[in-house]
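Architecture and fold: a report
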Amino acid sequence: MTDRELHPGFLLLEDGTLFRGVFRTPPVITVAEVVFTTNMSGYQEVFTDPSYRGQIVVMTAPMIGNYGVNASDPESARPQVAGVIVRELSNSYSNWRAEGDLGSWLSDAQIPILEEVDTRRLTKHLRTIGSMTGVMGLGDEPSAEAIAALEACPSMEGLDLATRVTTGERYTWGNPDAPYHIVAYDYGIKRNILRLFDENGCRITVLPAETSAEDALALAPDGVFLSNGPGDPAAVTYAPATVRAIAAQGVPIFGICLGHQILGLTFGGETIKMSYGHRGGNQPVKEVGSGRVLITSQNHGFAVKGDEDGVPGAPELEVTHVNLNDGTVEGLKHRDLPIFSVQYHPEAAPGPHDARPLFEEFLATVRTRKG
Amino acid sequence: MGVHTGDSITVAPAMTLTDREYQDMRDAAVAIIREVGVEAGGCNIQFAVNPLDGEMLVIEMNPRVSRSSALASKATGFPIARIGAKLAVGYRLDEIPNDITKTTPASFEPVLDYVVVKIPRFAFEKFPNADPRLTTQMKSVGEAMAIGRTFKEAFQKGLRALENGRSGWTVGSRPLDDRLPDDSVEALRGALRQPTPERIYQVKRALERGLSIAEVHELSAIDPWFLGQMQELVDAERAYATRESTDARALRRMKRMGFSDRQLADLRDETEADVRERRWALDIRPSYKMVDTCAGEFPSETPYLYSSYDEESEGPRSGRRSVVILGSGPNRIGQGVEFDYCCVRAVMALREQGYEAIMVNSNPETVSTDYDTSDKLYFEPLTLEDVLEIVDREKPEGVIVQLGGQTPLKLTRALEAAGVRILGTSPDSIDIAEDRRRFDKIARELGLQQPPNGTATSVAEALEAAERIGYPVLVRPSYVLGGRAMQICYDPESLDGYFATAARVSEEKPVLIDRFLEDAFEVDVDAIADSAGTVVIGGVMQHIEDAGIHSGDSACVLPPYLIGEKDLQAMREQTVALAKALKVVGLINVQYAIKDGVVYVLEVNPRASRTIPFVSKAIGVPLASLAARVMMGETLVDIGFTEEIVPPYVCVKEAVFPFSKFQGTDPVLGPEMRSTGEVMGISDSFGASFAKAQLSASNGLPLEGRILITVNDHDKATVTPIARRFHEMGFEVVATSGTSRFLKARGIPASSVFKVHEGRPNCHDLIVNGDVQLLINTPLGKHAQWDDYVLRQAAIRHHVPYTTTMSAASAASDAILSLRSRRATVKTLQEWQADIVVPA
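Moving on: the sheet that holds strand β21 (residues 650-656) of chain B. Residue and element names in this part refer to chain B. Strand order in this open sheet of seven strands is β20-β19-β16-β17-β18-β21-β22, and the pairing throughout is antiparallel. The outermost strands of the open sheet, each flanked by one partner alone, are β20 (598-605) and β22 (677-683). On average, each strand axis in the sheet is tilted by 25 degrees relative to the strand beside it, whichever way the strands run. Alignment of β21 against β22, held across seven bridges, turns out to be antiparallel. Residue E654 lies in a different strand from β22, and its bridge partner there is V679. Here helix α24 (residues 686-696) sits on the sheet and contacts β18 (556-558), β21 and β22; the angle it forms with β22, its principal contact strand, is near 145 degrees.

Written as structure tokens, this is what we have:
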């Protein structure tokens, strides 16, 4: 590739810090929260994870695109991220499953990729100051238009994105004759969650986020699943009431990520915005009961307030998992009802599979109740 | 696949695996670990993936730390053995802090925001008969590791860190340099099918010639992604070389791809200094990034740094008084861990003295590249460019070049020219020792004897010099370590042949020619000197092998066992005189030969020599630590080391050879060093120490049985008393016809056995059948060469102890006598050295 084909570009953060790079395809001005992930592999899963909706994602792994893209790795129907920032986007790719190159795949979806950025400097900045909004655009210096767009952008705090990414229509997944029926609330569900339920002998009905408890219960679920998703959990104001109504019927409930945060809110807890969140595939999480450590995949910028001793305001909840890096709440369990949740992603994709047995655990509860 | 991991260029993290494949491999690894029952500690599992369909195979599993554990530790900053040791005594991972971040636990998997490339270093030039094809048998002798922000950057840094005369990924000037018979495409295609050390350069030739990535992949099976990266380098070079001018943007782009100044200079017919000056003027400088295990997710205070052409630098200058210590780069024959020992000792001593010790090295196998050895570690190639950037950034009190072997020494003059202060012995003194003419003058002034010698810059000059000096002569290029291309020539024909095959000679690359002193004793003396002019002898080591065997390959003994006090005293005095004359501040090594009552100076090295660790351990004083301190201005009187320590016990060093890995190589020792390691035996007698050293070197001596003797005429008289001793100890002596007749005539019953060409069963059959417990063989000369070569090969293959010199045979008889006459006892080094006062 010659210099001619590259267009100088920038990322301007809300605190005024400027980062320079280049674009292959001239982008439109893009404003979003800028976060980093330390996943070394699985860029296609990251970019299609609805939990990254509305975020510009910085890859700390310096070489991205080496193995191309394929049709089976995406976690949703399309790339979800607002933008991508990398140190080097590979000009070629090689993998037996590859069907195309990452650069074209992202540009086809109108997602800007800023390359040649000192991503380590950017990561350290976000780690030190915290995640913040940024604007990407063309040129060596930010245009007035870009600066105006940045100033107009709302903070992630208070933003209900789940309602925006959820499915418009209910749909089903898995073998229709499967013995168990799981009803999943889609706040931005990842496909691998559906794949794992399917593999564990479940059929799944995926519901739009705003579906009422009544409608959900009318489907006679053996268990209810609360999915992952983007944005501020506290802004999904309608969810706790729905969940409370379902819980009251004694239906087993399992929540992941945003679903976990919603459970925390449902039983009286609070959620907080973290400085720069957890995004990557190497987060150590301790099971409080056994002391066992799992290496987990994570992607969240909010957390349920609390520690190993419990969640303030939610006496019915027990903290089952904590993060060993910073002590934040990573798992909850209802003391009386068949309800539990984790902040991390047992479905991985990308990331390690240590926590996959949680799906079996949930299904054991489902089976017990069904008899 | 099919090339040993140790011989492969390896890259971390995995470049072309999707998360699915990565996690499948991780799942399989965990399952294997659980099934095998690795309860705590390191573990290594090798996988293979079929690039056509992703089929994954497990190649092997080692429930222990392996060679790659060291590499993985350096590549990630996660110290596997250190954590493993803590786990072994009962800690859990989440109870152990991550030593780099200090704030997070060790129960995590490191993530990289850089690319690591490890490149093996080979030594086939020392084993010309060995098969250079890379297979499942590891053949490399060392490795360099490089860290960059991209594969291209790390790959080029790694190649220049190899110190094989190339400034990065560059092709040789002749096809032969890249192991190609000629310049044809056919030769390239043929060569690319076989993995050899030079294949990576053949790939470059192929891409330069326009062979497609698909074709090179087809021939070499190197993944197209890596070939694509290499193609980008080739394209970038071509574009840069043909530009009208090189602006800042173009230069920066090339630097970001890892090109060295030297490479860029060559592309546009400039000098390295031109490029550096322009680059500095344009302020295109490397930034330094930290290896922090977590890709920047958490703060880290551990200054484990690498360079990259990026925006932000980390690990700023501390402002403390600092010293930069240059390491020895990848291990090679002649320059190995001995120098790492010296560097590490210096770092420890400097830290104790309150200096900030800054280490620069590129060898992942060393202790000096542990992030917690020095105060600050630069994992960088040891080239002028890379070192100058670091020195310019750190502004140290000075740079120590005399502890890392030839690697830093070669940079001395250029560093000095760039205004860098060299600590210890001055570059000029180092130059005197290397420059034959300048050294001759000093030797004359001090009244020292040297073997007749000369320097030549052409073949004709060399032949003329040899005639004047008198054959046999020892020839070698100047400025080499490990006796590279060193040879003994007995006549003009063989000298002529030397220039045809072994070495080139030119104005810039003169050769040194010395009279070879046959049958002389050789002695190494190591000493330390301070800036006040005090010189203390560290140790006097007598070589067990006669002159003509490289000092690194010869067994040696400290204190000497067969040299008179008068000669010892003469060598001590001469060493002191040389150290003073050269104004040595630090270490000095002098090699002597003693023949017919005359002491000759063979070589002077005003720097740490390979023998420093052995001497330090033998006398119980860490000479390299003391050297670092005297370089910083302390005197030996201050330190309290003013007298030579002559230990009241005997230490024997024996070399360890890789012959069993290089089939087809003759193990007969010569002036070119080929050993890859060494062992030390310590006891209260020569025989017992020698026996221990042999045992440690996997050449354990027999207590009884049959001994096969076959020596050349020259050695027959010498071998007689040795044979007699073996006979008296109850060994059955077997010899080939000539030797047998000779021995029988002197009253030693020696049964006769056929030589290989005489029929069967012959002496080769005896070895193969396990009927020989010890082989004493000296080369029989040109005609019978094949015969005894086969014997030595058989001995290696069948693990029969052997000696190829008379002195070693004699030492072996002492050792066996000692082994037979006493029971082994155990005594720690501390117990042996309980009475030695170590300077504080």
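Turning next to the interface of chain B and chain A. Facing 43 residues of chain B, the contacting portion of chain A comprises 40 residues. Only α1 (19-36) and α8 (224-242) of chain B provide two or more residues apiece to the side of chain B that touches chain A. Here the side of chain B that touches chain A gets six residues from one element, more than from any other, and that element is α1(B).

Residues and elements named next belong to chain B. Ordered by their spatial adjacency, three strands build an open sheet running β1-β4-β5, and the pairing between neighbours is antiparallel. One side of each edge strand has no neighbouring strand; the edge strands of this open sheet are β1 (10-12) and β5 (142-148). In this sheet, neighbouring strand axes are inclined to one another by 20 degrees on average, regardless of whether the strands run parallel or antiparallel. Bridge analysis of strand β4 (residues 115-121) against β5 gives seven bridges, and the strand direction is antiparallel. Residue pairing for β5: V117 is matched across the bridge by A146. This element, helix α4 (residues 151-161), spans β1, β4 and β5 of the sheet and lies at about 145 degrees to β5.

This next bit is on the domain arrangement of chain A. Residue and element names in this part refer to chain A. The domain boundaries assigned to chain A delineate domain 1 (3-152) and domain 2 (162-370). Placing a centre on the C-alpha atoms of domain 1 and another on those of domain 2 gives a separation of 28 Å. At the junction of the two partners, domain 1 supplies 21 residues and domain 2 supplies 21 residues. Counting residues per element, the ones that place at least two in the side of domain 1 that touches domain 2 are β3 (30-37), α1 (43-48) and α3 (119-129). Top contributing element to the side of domain 1 that touches domain 2 by residue count: β3, with three residues. Within the side of domain 1 that touches domain 2, the residues separate by chemical class into six nonpolar, ten polar and five charged.

This part is about the pairing of strand β9 (residues 356-361) of chain B. All names here are of chain B. The element β9 is largely enclosed, with a buried count of six among its six residues. When strand β8 (residues 322-326) meets β9, the two strands line up parallel, connected through five bridges. Paired with S322 across the strands is E356, a residue of β9. With helix α12 (residues 337-352) bridging β8 and the parallel β9, this β-α-β connection has right-handed handedness. Where β9 lies against strand β10 (residues 376-379), four bridges are found, and the strand directions are parallel. Residue pairing across strands places I358 opposite K376, the latter belonging to β10.

All names here are of chain B. At their nearest, the axes of helix α6 (residues 199-208) and α8 sit 10 Å apart, and the two run at 60 degrees to each other. What the angle tells us is that α6 and α8 run oblique. Here α6 runs over α8; the crossing is right-handed. Along its contact with α6, which presents V203, K204, L207 and E208, the element α8 presents M230, Q231 and V234.

Residues and elements named next belong to chain A. For the pair helix α8 (residues 239-248) and helix α9 (residues 258-266), the least separation of the axes is 9 Å and the interaxial angle reads 80 degrees. The angle between the axes of α8 and α9 places the two elements in the roughly perpendicular class. Taken together, the residues of α9 that come into contact with α8 (itself represented by A239, P240, V243 and R244) are I262, L263, L265 and T266. Of the residues that constitute the contact of α8 with α9, the class distribution is six nonpolar, one polar and one charged.

A few words now on unusual backbone geometry. All names here are of chain B. Omega for the peptide link from L558 to P559 comes to -5 degrees, which places this bond in the cis form. With a phi close to 65 degrees, A221 is a non-glycine residue in the positive phi region. Locating A221 in the fold gives a position in the loop between α7 (213-220) and α8.

Take the environment of E125(B) next. Residue and element names in this part refer to chain B. Inspection of the secondary structure assignment puts E125 in the loop between β4 and β5. For E125, a count of 14 C-beta atoms within 10 Å puts it in the partly exposed group. Separated by 677 residues in sequence, E125 and Y802 place their C-alpha atoms 24 Å apart.

What follows deals with helix α22 (residues 623-631) of chain B. Residue and element names in this part refer to chain B. When you tally the buried positions in α22, you get nine out of nine residues, the bulk of the element. Residues of α22 that are buried include every one of L623, A624, S625, L626, A627, A628, R629, V630 and M631, and no others. Once α22 finishes, G633 follows within two positions and takes phi at roughly 110 degrees, a positive value.

For the rest of this paragraph, the subject is the nonpolar core. Core analysis: the biggest nonpolar cluster contains 270 residues, and I325(B), A346(B), I400(B), Y592(B), A627(B) and V733(B) have the highest contact counts within it. A total of ten residues in this core trace back to one element, the largest contributor, which is α12(B). Apart from residues no more than four positions distant in its own chain, A627(B) is found in contact with A346(B), L403(B), I528(B), G586(B), L587(B) and A608(B). Membership of the second largest hydrophobic core comes to 62 residues, among which are Y185(A), I189(A), L207(A) and L332(A).

Right, let's get into the pairing of strand β11 (residues 180-186) of chain A. Residues and elements named next belong to chain A. Burial runs high along β11: five of the seven residues are buried. Two strands pair when backbone bridges link them, and β11 and strand β12 (residues 202-208) are joined in this way by seven bridges, in the parallel orientation. Its bridge partner being in β12, Y185 is matched across the sheet by L207. With four bridges joining them, β11 and strand β13 (residues 223-226) adopt parallel strand pairing. Within the sheet, the bridge partner assigned to Y185 lies in β13 and is L226.

Rules used throughout
The written sequence of each chain sets the order in which its residues are numbered from 1. Here every chain gets a letter starting at A, and every ligand a number starting at 1, in the order they are written. Where totals are concerned, whole chains, interfaces and linings use all residues; where local detail is concerned, this predicted model gives features only for residues with pLDDT of at least 70, and gives and counts side-chain atom pairs only at 80 or more. DSSP calls a pair of strands paired once it identifies at least 2 bridges connecting them. The helix count covers DSSP runs of H or I at least four residues long, the strand count covers runs of E at least two residues long, and both are numbered beginning at the N terminus. Here an angle of 0 to 180 degrees is reported between the N-to-C directions of two axes, which are lines fitted to C-alpha atoms, with helices fitted over the stretch in contact. In this description, any two residues whose backbone-derived C-beta atoms lie within 7 Å of each other are considered to be in contact. Note: domain ranges come from an automatic or database domain assignment. Here the nonpolar group is Ala, Val, Leu, Ile, Met, Phe, Trp, Tyr, Cys and Pro; Asp, Glu, Lys and Arg are the charged ones; every other residue, Gly included, is treated as polar. Our exposure labels follow a C-beta count within 10 Å of each residue's own C-beta, placed from the backbone: buried means 20 or more other C-beta atoms, exposed means 12 or fewer, and partly exposed covers the counts in between. With strands facing away from the observer, any crossover in which the path from the first strand over the helix to the second runs clockwise is taken as right-handed. These descriptions rest on fixed angle ranges, namely under 35 degrees for roughly parallel, over 145 for roughly antiparallel, 65 to 115 for roughly perpendicular, and the rest for oblique. In a left-handed crossing the near helix is turned counterclockwise from the far helix by less than a right angle, and in a right-handed crossing that turn is clockwise. By definition, a nonpolar core groups buried Ala, Val, Leu, Ile, Met, Phe, Trp, Tyr and Cys residues that connect through C-beta atoms lying within 7 Å of each other.

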